[in-house]
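Analysis of the macromolecular model
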Amino acid sequence: MNSKMKEKSEAVLDMSPTSTVEGGVEDIYGEDRATEDQLITPWTFVVSSGYNLLRDPRYNKGLAFTEKERDVHYLRGLLPPAVIPQELQERRLMQSLRGYEVPLNKYVALMELEERNERLFYKLLIDNVEELLPIVYTPTVGEACQKYGSIFKRPQGLYISLKEKGRILEVLKNWPERKIQVIVVTDGERILGLGDLGCQGMGIPVGKLALYTALGGVRPSACLPITIDVGTNNEQLLKDEFYIGLRQKRATGKEYYDFLDEFMKAVKQNYGEKVLVQYEDFANHNAFELLAKYGTAHLVFNDDIQGTAAVVLAGLVASLKLLGGSLADHTFLFFGAGEAGTGIAELIALAISKKTNAPVEEARKNIWLVDSKGLIVNARKESLQAHKKSCAHEHEPVNNLLDTVKAIKPAAIIGTSGVGQTFTKEVIEAMASINKRPLIMALSNPTAQSECTAEEAYTWSEGRAVFASGSPFPPVEYNNKLHIPSQANNCYIFPGFGFGLVMAGAIRVHNDMLLAASEALASQVTEEHYGKGMIYPPFGNIRKISAHIAANVAAKAYELGIATRLPQPADLLKYAESCMYTPNYRSYR
């Protein structure tokens with residue numbers, strides 16, 4: 001028998017190892033005899049059966065392998081005898097996750113699951129989205145990024161540092177998948193409201209792409225998370241012995257933009273014109289410039305600017321059922337004039353312009369911004385950053401938010417400041433004195449940076465506030481009525497939006513697509529939701545919501561003539577639903 005096995009091995013590999021007298025295997029590559037400073041070749045044999053199958057997260061099913069599959073794929077003895085279906089595996093894992101008291105421990109457990117059983121990870125996330133979204137995304141992902149060096153176990157995605165300057169295309173080719181459809185990239189300079197986390201910002205692209213699959217239906221193998229490491233100005237990280245990135249100050253100016261330019265050219269060369277590049281958590285001074293520079297020649301999308309804008313606009317459109325009137329009838333005040341605030345303001349102005357046929361400049365007059373120096377007015381125009389100038393209006397300077405609310409009398413205050421507890425009791429009370437139903441949107445993440453809590457908004461407005469936040473808050477009972485806080489989470493928009501672009505084979509992102517996505521989301525809010533004070537539908541329906549958004553976005557791409565997948569499907573909604581990735585186990589031959 002041994003001789004037959006040897007002959008079979010030689011026929012397949014043509015270099016079978018030789019059995020030794022001691023019962024071991026001869027070290028034909030010299031690995032066991034090599035010292036640490038001697039060079040050896042890391043040989044790997046990849047097969048689709050046996051031990052290696054159990055360690056391939058794309059195909060591993062754990063104890064769900066059937067008796068027949070265990071025979072055919074040489075799994076006998078490598079698994080306990082029980083056969084446990086995916087649904088029971090899911091229940092067991094959820095029970096285990098709920099046993100953790102610390103959210104970060106749940107995050108680590110979920111990431112470990114993704115690394116060993118991809119389909120079970122996505123099955124878990126899809127079926128328990130409302131419970132697990134705060135773990136894989138905000139707020140827990142923020143803490144994960146802060147501690148990424150300590151919890152880092154296995155690389156997820158590509159790390160492209162300044163060491164690879166001139167070789168970025170070569171680095172991209174190291175990624176095993178060739179048919180990439182969505183890239184989420186960060187340089188880690190402005191992670192949520194936590195600041196510069198450098199290379200440890202990788203948690204954001206990883207988390208975003210997990211949601212592209214779970215919520216939007218983009219297949220996992222088509223997703224690529226990337227961190228651009230150009231250094232960090234975070235002194236604490238530079239001194240941290242566990243920091244995993246470059247230990248140098250951030251590259252800026254020409255060096256930075258040349259590096260990003262090489263990256264964008266390499267992406268298009270390697271993956272083609274239809275790959276979506278989503279910029280994530282870039283600092284304001286780079287985010288707007290990158291979007292403007294590459295938006296006309298690449299399929300690029302900035303979730304912090306455009307995704308946030310689309311999801312907030314959807315909430316504003318939906319809230320009109322509770323506030324009354326149209327967008328053009330109301331005044332909006334933003335506390336925070338960074339990429340999120342100005343991005344939302346511009347999309348609101350565009351939406352008003354489209355509805356009223358008025359110039360965008362006219363539509364902007366009902367939109368006011370407050371930054372760290374107070375109300376943005378014409379008198380400050382010379383000193384303003386470029387992205388703020390369009391929303392500077394004629395008004396006396398006002399230095400604080402409370403006085404601004406009293407002067408402007410807005411229907412809605414929208415917090416994008418990244419500074420917690422800035423919607424004070426006095427501010428909420430002032431809003432309640434001006435409006436029958438004041439709209440309070442405390443959008444900054446994570447929870448500690450939220451401008452106010454749901455309980456504060458409802459209590460200080462005597463239960464009349466329409467409230468939405470960036471991070472989740474529990475329901476609040478006030479005067480014997482249960483108020484359900486809405487979460488203006490980008491997860492409502494970007495997975496379906498990106499899936500719509502992929503589905504249509506779009507080659508550019510157009511503002512009209514963002515308006516189409518907002519309309520699709522707002523249309524999913526029902527009378528039942530309004531009765532609970534909600535202006536967004538529940539996350540439990542997110543796959544259905546994403547399909548509607550994808551269909552609307554794809555329809556707009558075809559209408560604008562920037563879709564390349566022809567002919568256009570007759571029913572885009574059914575087509576979107578049929579194209580969505582589903583994580584149920586497959587049967588193996």
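Basis of the calculations
The residue count restarts for each chain, going from 1 along the sequence in the order it is written. With pLDDT at 70 or above as the cut-off, local features in this predicted model cover only qualifying residues; side-chain atom pairs require 80 or more to be listed or tallied, and sums for whole chains, interfaces and linings still use all residues. No hydrogens and no water enter the side-chain calculation; it runs on all heavy atoms of the structure. Pairing between strands is defined by DSSP: at least two bridges between them are needed. Here a strand is any run of E in DSSP of at least two residues, a helix any run of H or I of at least four, and the numbering for each starts at the N terminus. Where helices are involved, their axes are fitted lines through C-alpha atoms of the stretch in contact, as for all axes, and angles between N-to-C directions lie from 0 to 180°. pLDDT runs from 0 to 100 and stands for how confident the predictor is about each residue. By the convention used here, residues are in contact when the closest approach between their heavy atoms is within 4.5 Å. UniProt positions are given in the numbering used here, feature names are shortened, and annotations may be inferred rather than shown by experiment. Buried residues are those whose accessible area, probed at 1.4 Å on protein chains only, stays under 20% of the maximum for their type, while exposed residues exceed 50% and partly exposed ones sit between those limits. Under the pairing criterion, centres of Phe, Tyr and Trp rings, with the six-membered ring standing for Trp, must be within 6.5 Å; the plane angle then separates stacked pairs below 30 degrees from edge-to-face pairs above 60, leaving the rest tilted.

With that settled, consider the sheet that holds strand β3 (residues 223-229). A sheet is described by the order of its strands in space; here five strands give the open sequence β1-β3-β2-β4-β5, paired in parallel fashion. Each edge of the open sheet is held by one strand with a lone partner, namely β1 (158-161) and β5 (300-302). Averaged over all pairs of adjacent strands, the angle between strand axes in this sheet comes to 25°, irrespective of strand direction. Pairing analysis gives three bridges linking strand β4 (residues 276-279) to β5, with the strands arranged parallel. Note on β5: the bridge partner recorded for Val-277 is Val-300.

Let's shift gears to the confidence of the model for the protein. Per-chain confidence: the protein averages 91 in pLDDT, with 92% of residues scoring 70 or above. In this model residues 1-24 is a low-confidence stretch, pLDDT under 50, and it forms 17 contacts with partners more than four residues away in sequence or in other chains.

Below, the discussion takes up the UniProt feature "binding site: a divalent metal cation" (unreviewed entry) in the protein. As recorded in UniProt, the sites labelled "binding site: a divalent metal cation" (unreviewed entry) are Glu-280, Asp-281 and Asp-304. The largest pairwise C-alpha distance within this set of annotated residues, which runs over 25 residues, is 6.8 Å, so the set is compact in three dimensions. Non-local contacts of Glu-280, meaning those with residues more than four positions away in its chain, are made with Val-184, Val-185, Thr-186, Asp-187, Ile-204, Lys-208, Asp-303 and Asp-304. Within the secondary structure layout, Asp-281 lies in the loop between β4 and α14 (284-294). Residue class for Asp-281 comes out buried when judged on its relative accessible area of 2%. What Asp-281 contacts, discounting residues up to four positions off in sequence, is Thr-186, Asp-187, Gly-188, Glu-189, Arg-190, Ile-191, Leu-192, Ile-204 and Asp-304.

This brings us to the sheet that holds strand β8 (residues 374-375). Taking strand neighbours across the sheet as the criterion, the seven strands line up as β8-β7-β6-β9-β10-β11-β14 in an open arrangement whose pairing is mixed. Of all the strands in the sheet, the pair left with one neighbour each is β8 and β14 (486-487). Here strand β9 (residues 412-415) runs beside strand β10 (residues 439-442); their pairing, made up of four bridges, is parallel. Counted as the bridge partner of Gly-415 is Ala-442 from β10.

Next up on the list: helix α19 (residues 425-434). Burial in α19 covers these residues: Val-427, Ile-428, Ala-430, Met-431 and Ala-432. Turning to α19, the residues buried within the fold contact α18 (401-408), β9, β10 and α20 (454-460).

Any aromatic ring pair is given by two values, namely how distant the centres are and how the planes are angled relative to each other. Across all of its chains, the model carries 13 aromatic pairs by this definition. A ring pair is formed by Tyr-212 and Phe-494, whose centres lie 5.2 Å apart and whose planes are at 65°; its orientation type is edge-to-face. Of the two residues, Tyr-212 is situated in helix α11 (residues 203-214) and Phe-494 in helix α21 (residues 494-504); the sequence distance between them amounts to 282 residues. The same class applies to Tyr-212 and to Phe-494, which are both buried. Consider the rings of Phe-301 and Phe-497, whose centres lie 4.8 Å apart with planes at 25°: the pair is stacked. On the criterion of sequence distance, the pair formed by Phe-301 in strand β5 and Phe-497 in helix α21 is long-range, its members being 196 residues apart. With relative accessibility at 0%, the residue Phe-301 sits in the buried group. Exposure remark for Phe-497: the relative accessible area of 0% places this residue in the buried category.

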